[in-house]
Amino acid sequence: MKTVETNLRRITLCGGGNGAHAIWALLARSCDAHLTLFLPLENEFREFTAVKKSGAPFRLSIKGEKTILSMDKLSLASDPEEAAAADLIIIVLPAFAHGPVLEALAPHLQPGTIVAALPARGGFEFQASAILDRYHCQDVTIAGFQTLPWACRIGEYARSVEVYGQKDKLRVATLPPGHVGAAVRIFDELLEPEIIPSSNMLELTLGNQGQLIHPGIMYGAFADKLNESYQEGEIPPFYQSVNERTAALLEAMSQEILEISKAIQSNFSVPLEGVVSISQWMLESYAKDIEDKSSLARMFQTNRSYRGLTVPVKLGDHNLYRIDVRARYLAEDVPYGLLVSRSIAELAGVNTPRINEVIEQTSRWMGAQYLVDGRLRGKDLAGTRIPQNFGLNSLEEIVELIA
Ligand code: NAI
């Protein structure tokens, strides 16, 4: 555990879910800055306030190691003005909540503040800069992380959290990109994983492997299982259900992302080295955990980190489980991930037939419409993070924003 003295005096953490529980507890045990938890949802603010007033301890369990924390020094805020009074604001929320939280904070942001999304998912840079511009926020740094570094779950709301695993490395990018060094220094002090700089935020958006893996496996491995019912204990594994056919789909989708990156780089001098193939990413991220590296399918099947992780399900009739097509793997990774890259492909003139197929099918399952006959013409595009929604209608405009 790092114990850090940072130059940051005030840090605000936004959110009341799993990740927010984990980050406040992890920072509370190691960091000397004043922490505020911003809970915009009334019921969550009430619940945290009641627990804090009761003086109950907060229990953090990280890989079995237990720490008891006091909430005495934690400030709780439901007022965005109070929450915005910080040197660093870390948003730990599902991507669909980034917009409302940024809209609430933006009128109150002070020059010099860093606003970081952990994780950013796709297109955070487009949405955040549009909102901050609208409120004339000056000298605010936007930062985004490629992933949440922990697998974590709330134990008891406002009282305990369990952190199951932690990634070794965490990629960060900033807007403006020149501020990435400062972000690396700050987060390297605050968080355990090694912080790796990305050249720019577009690299995070295109290099986000979750946008391929989650919708790709949901479609590739489970399209023909949506009507099946499972007993508890029989729910199929998620990542380890990847067979050769699903792996070929993932590789084809990954190749299409690489084509987008290549097309951008052939026209603009924008570094995108962090946009790598899915196989390279697997090998880099899980080198020690994979038993058989002979093919992508075998890498999924023999990756120890993926053991025990099952396909998302919801309880249906007769106490049986059905695959949940509205789960995060689609509801977040399509409109705030794969679709964003698909929209950039449109601007780059790159065809993405396999990505189109996955988006069209999975969005149909979710009851949403993004593509019509492979074109960006669906009626539900408005709520997504495609660059076109933020007035970015050419690669020039995107590159100008992120470079
Ligand atoms: P979560 O589902 O626990 O977060 C829900 C919280 O979001 C709510 O408790 C509330 O505080 C907030 N929220 C929801 N709607 C809101 C709104 N309209 N306005 C303001 N706040 C709102 O999510 P979790 O698990 O904390 O995940 C956060 C992010 O991290 C997601 O992008 C997720 O995909 C990612 N992630 C999570 C992992 C985990 O183990 N929990 C692992 C890897 C990634």
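Computed from a predicted model, the values in this text were never measured in an experiment.

## Digging into the site of the ligand
Neighbouring the ligand are 22 residues, the closest being Gly-16, Gly-19, Glu-44, Arg-328 and Glu-332. One of the side-chain nitrogen or oxygen atoms of Glu-332 is found 2.6 Å away from an oxygen atom of the ligand. Protein contact buries 81% of the 830 Å² of open area that the ligand shows by itself. Elements that contribute at least two residues to the shell around the ligand include exactly α1 (18-30) and β9 (150-154). For the shell around the ligand, the element with the most residues is β9, which contributes four residues.

## Observations regarding the packing of helix α5 (residues 124-134) against helix α15 (residues 395-402)
Close contact between α5 and α15 brings their axes to 11 Å; oriented N to C, the two are set at 75 degrees. As far as their axial angle goes, α15 and α5 are roughly perpendicular. Of α15, the residues touching α5 (which contributes Glu-125, Phe-126 and Ser-129) are Ile-398, Leu-401 and Ile-402. Along the lines of polarity and charge, the residues of the contact of α5 with α15 split into four nonpolar, one polar and one charged.

## Observations regarding the sheet that holds strand β4 (residues 65-69)
Strand pairing within a sheet occurs via backbone hydrogen bonds; the two strands may be parallel or antiparallel. Spatially, β4-β3-β10-β9 is the arrangement adopted by the four strands of the open sheet, whose pairing is mixed. For this open sheet the edge positions go to β4 and β9, each flanked by a neighbour on one side alone. For this sheet the average axis-to-axis angle between neighbouring strands, irrespective of direction, equals 20 degrees. In the sheet, strand β3 (residues 58-62) pairs with strand β10 (residues 160-166) via four bridges, with the strands oriented parallel.

## Observations concerning the pairing of β3
Of all the five residues making up β3, four are buried; the element is thus mostly covered by neighbouring parts of the structure. Pairing geometry for β3 and β4, over five bridges, is antiparallel. Note that in β4 the partner of Ile-62 across the bridge is Glu-65. In this antiparallel pair of consecutive strands, β3 and β4, the connection spans two residues, and Lys-63 shows a positive phi of 50 degrees.

## Notes on α5
A large share of α5 lies buried, amounting to eight of its 11 residues. Buried residues of α5: Phe-124, Glu-125, Phe-126, Gln-127, Ala-128, Ser-129, Ile-131 and Leu-132, and no others. Of the residues trailing α5, His-136 is marked for its positive phi of about 50 degrees.

Cut-offs used in this document
Residues numbered from 1 in each chain as written. Predicted model: local features only at pLDDT ≥ 70, side-chain atom pairs only at ≥ 80, totals over all residues. Heavy atoms only, no water. Near = heavy atom within 4 Å. Polar contact = N/O pair within 3.5 Å; in protein donor to acceptor, adjacent residues only side chain to side chain. Areas by Shrake-Rupley, 256 points an atom, 1.4 Å probe, with all protein chains shown as cover. Helix = DSSP H or I, 4+ residues; strand = E, 2+ residues; numbered from the N terminus. Axes fitted to C-alpha atoms, helices over the stretch in contact; angles between N-to-C directions. Parallel < 35°, antiparallel > 145°, perpendicular 65-115°, else oblique. Contact = heavy atoms within 4.5 Å. Nonpolar A, V, L, I, M, F, W, Y, C, P; charged D, E, K, R; others polar. Pairing = 2+ DSSP bridges. Buried < 20%, exposed > 50% of the residue type's maximum accessible area, 1.4 Å probe, protein only.

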